[in-house]
Amino acid sequence: MGILEGKRILVTGVLTDASIAFSVAKLAQEEGATVVLTGFGRLSLVERIAKRLPQQAPVLELDVQNTEHLDTLADRVGEHVDGLDGVVHSIGFAPQSALGGNFLNTTWEDVSTALHVSTYSFKSLAVACLPLMKEGGAVVGLDFDASKAWPVYDWMGVAKAGLESASRYLARDLGKQGIRVNLVAAGPLRTMAAKSIPGFREFEDSWPDKAPLGWDLSDTVPAAKACVALMSDWFPATTGEIVHVDGGVHAIGA
């Protein structure tokens, strides 16, 4: 019996098998869950990745900026499972002009895209899934510590700060329905998202040395384990929390 035995989980943001979302989906299945995936853009790529899971999972198209996709999400997920016990938000995007040290020059158009995709979508995804969560459950989002101004992260850092605030408001408003809302703040990992950040090497070069526990830039499993744990019944009274899975860097002021 796994800690997610019998649970139904929706995982967004699977791009490659190096993504945190893929590790979450894999671990969730290994812990007994039935998993449904969403993808955006190259769905055929996500479908190929889905075949690498212990059990191939269905893949649904979801553009979080598309109102029709969100309005129909519950019905489409409902074709595969009769409800949801957990939702994983692993979605983030910022145009190149919003990253890499260009903070003062980024246009509102590009900033608004980053905020829509990376922040507002946390709320819109949770609301879209509500019809399937009548028995409560858990919503977990992927975060990067927004308590500091990091090099090169720029407007994505602002978007993550908004995500952290949005998670607290969601925890407030969804608690009465038995839904817990938490974030996992992972350290830097060599995912597709990280590769799109100009100057990401600044994190790569320093993080493993700063982390009291050390840090493996290619190991997505620790962050995925935190997501799975938060969706399990082992955290029944935890909501509005940020669990840091970063080797301890956030705690030492380095």
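Residues numbered from 1 in each chain as written. Predicted model: local features only at pLDDT ≥ 70, side-chain atom pairs only at ≥ 80, totals over all residues. Heavy atoms only, no water.

- The name given to the protein chain in an unreviewed UniProt entry is Enoyl-[acyl-carrier-protein] reductase [NADH], with the source organism recorded as Nonomuraea muscovyensis.
- UniProt, in its Sequence similarities (unreviewed entry) section for the protein chain, records the words "Belongs to the short-chain dehydrogenases/reductases (SDR) family. FabI subfamily."
- Listed under Catalytic activity (unreviewed entry) in UniProt, the entry text for the protein chain is "a 2,3-saturated acyl-[ACP] + NAD(+) = a (2E)-enoyl-[ACP] + NADH + H(+)". (UniProt positions renumbered as here; feature names shortened; annotations may be inferred.)

1. Focus: the overall build of the protein chain
Working step 1: A count of helices and strands for the protein chain gives nine helices and seven strands.
Working step 2: Taking 18 Å as the expected radius of gyration for a compact globule of 254 residues, we find that the protein chain reaches 17 Å, a close match to that expectation.
Working step 3: Taking the principal axes of the C-alpha coordinates as reference, the protein chain spans close to 45 × 40 × 40 Å.
Working step 4: Evaluated residue by residue, the protein chain yields a buried proportion of 53% over its 254 residues.
Working step 5: Once local pairs closer than 6 in sequence are excluded, the contacts in the protein chain between residues at least 24 apart make up 76%.
Working step 6: For the protein chain, the computed accessible surface area is about 11,600 Å², with 53% contributed by carbon and sulfur atoms.
Working step 7: Side-chain charges in the protein chain split into 21 positive and 30 negative, and the spacing between the mean points of these groups amounts to 1 Å. (Helix = DSSP H or I, 4+ residues; strand = E, 2+ residues; numbered from the N terminus. Rg over C-alpha atoms; globule rule 2.2 N^0.38 Å. Buried < 20%, exposed > 50% of the residue type's maximum accessible area, 1.4 Å probe, protein only. Contact = heavy atoms within 4.5 Å. Areas by Shrake-Rupley, 256 points an atom, 1.4 Å probe, with all protein chains shown as cover. Lys, Arg positive; Asp, Glu negative; His and termini not counted. Charge placed at Lys NZ, Arg CZ, Asp CG, Glu CD.)

2. Section: unusual backbone geometry
Working step 1: One non-glycine residue, Val152, lies in positive phi territory at about 65°.
Working step 2: Relative to the assigned elements, Val152 resides in the loop between β5 (137-143) and α5 (154-174).
Working step 3: In this structure, Asp154 is a non-glycine residue whose phi angle is positive, near 50°.
Working step 4: By the element assignment, Asp154 lies in helix α5.
Working step 5: For Asp154, a relative accessible area of 15% translates into the label buried.

3. Some details on the packing of aromatic side chains
For any pair of aromatic rings, geometry is given as the distance between the ring centres together with the angle between the planes.
Working step 1: Under the definition given, this model contains five aromatic pairs.
Working step 2: By the ring-pair criterion, three or more aromatic residues cluster together here, those being Phe144, Trp150, Tyr153 and Trp207. (Phe/Tyr/Trp six-rings, centres within 6.5 Å; stacked < 30°, edge-to-face > 60°.)

4. Quick notes on a nonpolar patch on the surface
Working step 1: Judged by side-chain polarity, Ile3, Trp234 and Phe235 come together as a nonpolar surface patch covering roughly 330 Å² of accessible area.
Working step 2: Position of Ile3 among the secondary structure elements: in the segment before β1 (8-11).
Working step 3: Here Ile3 falls in the partly exposed class, since its relative accessible area comes to 33%. (Patch = residues over 30% accessible without salt bridge, like charges linked within 9 Å, V, L, I, M, F, W, Y side chains within 5 Å. Salt bridge = Lys/Arg side-chain N within 4 Å of Asp/Glu carboxyl O.)

5. Brief notes about the UniProt feature "binding site: substrate" (unreviewed entry) in the protein chain
Working step 1: As recorded in UniProt, the sites labelled "binding site: substrate" (unreviewed entry) are Ala94.
Working step 2: Turning to its location among the elements, Ala94 is positioned in the loop between β4 (86-89) and α4 (108-129).
Working step 3: Ignoring any residue separated from it by four or fewer positions in sequence, one finds Ala94 in contact with Leu99, Ala114 and Met156.

6. Thoughts on helix α2 (residues 43-50)
An α-helix turns once per 3.6 residues; consequently, residues spaced three or four apart project the same way.
Working step 1: Buried within α2 are the following residues: Leu43, Val46, Ile49 and Ala50. With its buried residues spanning 115° around the axis, α2 presents them on a single face.
Working step 2: Elements that come into contact with the buried residues of α2 comprise α1 (20-30), β2 (34-39) and β3 (59-61). (Arc of directions from axis to C-beta.)

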